[in-house]
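Observations on chain architecture
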Amino acid sequence: NFHETRDEDLAAIVFTSGSTGCPKGVRYLHRNFNAQIQTLHQEFCLGEGEIDLVTLPIFALFNPALAITSVIPDMNPRKPAEANAKILVDTLINHNVTTAFCSPIIGKKISEYCNTNDIILPRIKRFMLAGAPSSPSLIKELSEIISNGRVIVPYGATEALPVSFTDHRQIRELSQSIVNGDGSCIGKPIKNISIVLMPIRNSPLPHEHEEKIEPIVKPLQPGEICASGDTVTDGYDKMPGATRDARFIYKSSEYHRMGDLGYWDKEGVLRFLGRKVECVQTENGPLETERCEPMVNIIPGVKRSALIGIGNKKIKEPCLVVQTDSQKSDAFEIISAKIKKRMKKHFRKYNIVRVFHEKHLPVDPRHNAKIHRLALAKKWTTAVVKNTKLGIRL
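What you see is a predicted model, and the numbers here were worked out from it, not measured in a lab.

The rules we used
Throughout this document, residue positions are counted from 1 along each chain, in the order its sequence is written. Selection of residues for local features in this predicted model requires a pLDDT of at least 70, selection of side-chain atom pairs for listing and counting requires 80 or more, and totals for whole chains, interfaces and linings are taken over all residues. As a convention, hydrogens and water are excluded, and side-chain values are obtained from all of the structure's heavy atoms. Definition used in this section: a nonpolar core is a set of buried Ala, Val, Leu, Ile, Met, Phe, Trp, Tyr and Cys residues joined via side-chain atoms within 4.5 Å. Here's how the labels work: a residue is buried when its accessible area is under 20% of the maximum for its type, exposed when over 50%, partly exposed in between, all with a 1.4 Å probe on protein chains only. Helix and strand definitions here come from DSSP, where helices need a minimum of 4 consecutive H or I residues and strands a minimum of 2 consecutive E residues; each element is numbered from the N-terminal end. Contact between two residues is taken to exist if any of their heavy atoms lie within 4.5 Å; hydrogens are not considered. Any carboxyl oxygen of Asp or Glu that lies within 4 Å of a side-chain nitrogen of Lys or Arg is treated as forming a salt bridge with it. A patch is a set of surface residues, each over 30% in relative accessible area and not in a salt bridge, joined within 9 Å for like charges and within 5 Å for the nonpolar side chains Val, Leu, Ile, Met, Phe, Trp and Tyr. Methods summary: accessible areas were calculated by the Shrake-Rupley approach with a probe of 1.4 Å, and residue burial reflects only the protein chains presented. Pairing of aromatic side chains requires ring centres within 6.5 Å, counting the rings of Phe and Tyr and the six-membered ring of Trp. Pairs whose planes differ by under 30 degrees are stacked, by over 60 edge-to-face, and all others tilted. For a lysine, the NZ atom is tested; for an arginine, the CZ atom; a charge sits over a ring if that atom is within 6 Å of the ring centre and within 35 degrees of the ring normal.

Okay, the nonpolar core next. Ranked by size, the top nonpolar core spans 34 residues in total, and within it I106, I110, L121, F127 and L129 carry the most contacts. Elements with a contribution of two residues or more to this core: β3 (51–54), α2 (85–94), β5 (99–102), α3 (104–116), β6 (126–129), α4 (136–145), β7 (150–157) and α5 (168–182). Per-element accounting of this core gives the leading share, 5 residues, to α3. Leaving out residues up to four positions away in the same chain, L129 has contacts with C102, S103, P104, G107, S134, L138, I139, L142, V151, I152, V153 and P154.

Once that is clear, we can look at the pattern of salt bridges. Inspection of the entire model under this criterion finds 23 salt bridges. Of the charged contacts, one joins R244 and E210 as a salt bridge, the two residues approaching to 3.5 Å between their closest N and O atoms. Linking R244 in helix α6 (residues 240–246) with E210 in the loop between β10 (194–198) and β11 (223–228), this pair joins segments that are 34 residues apart in sequence. Here the salt bridges do not stand alone but share partners, grouping E8, R31 and D230 into one network.

A surface patch of nonpolar side chains, about 270 Å² in accessible area, is lined by L10, I13 and F15. Tracing the chain through its elements places L10 in strand β1 (residues 10–15).

Our focus in this paragraph is the packing of aromatic side chains. A full pass over the atoms with the stated rule returns 10 aromatic pairs. Between Y155 and F272 the ring centres are 6.2 Å apart and the planes differ by 50°, which places this aromatic pair in the tilted class. Taken as a pair, Y155 in strand β7 and F272 in strand β14 (residues 270–275) lie far apart in primary sequence, 117 residues in all. The two residues Y155 and F272 agree in class, both being buried. Ring geometry for F356 and W380: centres 4.2 Å apart, planes at 0°, overall stacked. In this pair, F356 sits in strand β19 (residues 355–357) while W380 sits in helix α9 (residues 373–389), placing the two residues 24 residues apart along the sequence. Take F356: its relative accessible area is 4%, and that puts it in the buried class. Judged by relative accessible area, which is 12%, W380 ranks as buried. Members of the aromatic cluster, each reached through a chain of ring pairs, are Y28, F33, F59, F62 and F101. It is K24 that lies over the ring of Y236; its NZ or CZ is 5.1 Å from the centre.

Encoded structure:
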């Protein structure tokens, strides 16, 4: 039997990953799912007869509505970092996959395996990367492997997905800018989505009838990314306080605060600077993660890096934590010296003089890509305070 539903009926409760706080249940209405399906069809040209590699099972729920075949690889979706690259690539080839949606860690595995074994994937029309910022080098490598396809980078969150997107061609044009500290590229709003940048503040943003507050429209000026439209969900389930903190009314529309910082560049392209809560407040002003991490990540030997602030007060000391390809201490010392030199050149006023080494950076369980910077900050603050009392300099 078919059950009639309305756009405003609750369809599902989907939980956030909890990478910067406790997971929250997000209320998805039928109109949200309908809008997402329309976006996948109209903006990304997904349609009947395609074959999709499913690495995050929840997204396979869209495929029947689009007449797309789902192919599930032999992997544990809860641990994408442990996926076997050969199995992933064999699955792509053997099942004539035309489209894939995955986290950067899966994209990197596929890219490295294909490059090592001189494999090209001409059948793939699109490769969508989401869950955390992807480096320009990874996007370039994937675009060369899928010789007839397009690497798409959608931007959004569990509460609003997608709200904008870019692709490998635009990122190629901006790649030097990205690694020079100008922030990642997340493109322009999708159709029927409004994005505004609001002044950065931790307290709730007022509704328009409570206080007049205008968005930031001037290029290059950072603000908090906020979105409105049918892909924006109905708030958090049974959490009115959290919903109010994350929502405000502007020009008669309800906007969701993405919790991310960004700015409009001179071409009107939205640039991503990182999570608001992970921005380090220093004595010389705020320093965002996406300003310095990309330029550290391109240093040979660096696997990934994290900007953190250490200290127990609001104003913190900016430091970097790195995961390296080699675990040898002498290799880390060389890399550390290169990082400090680069930070001095590009961010002299922030006086970044500490670089810490981690065998593995802690990441979120869903994508294995979002770094737990706040946990690292807590750990290294404790270590620095403890060793300072002992007269040891870290």
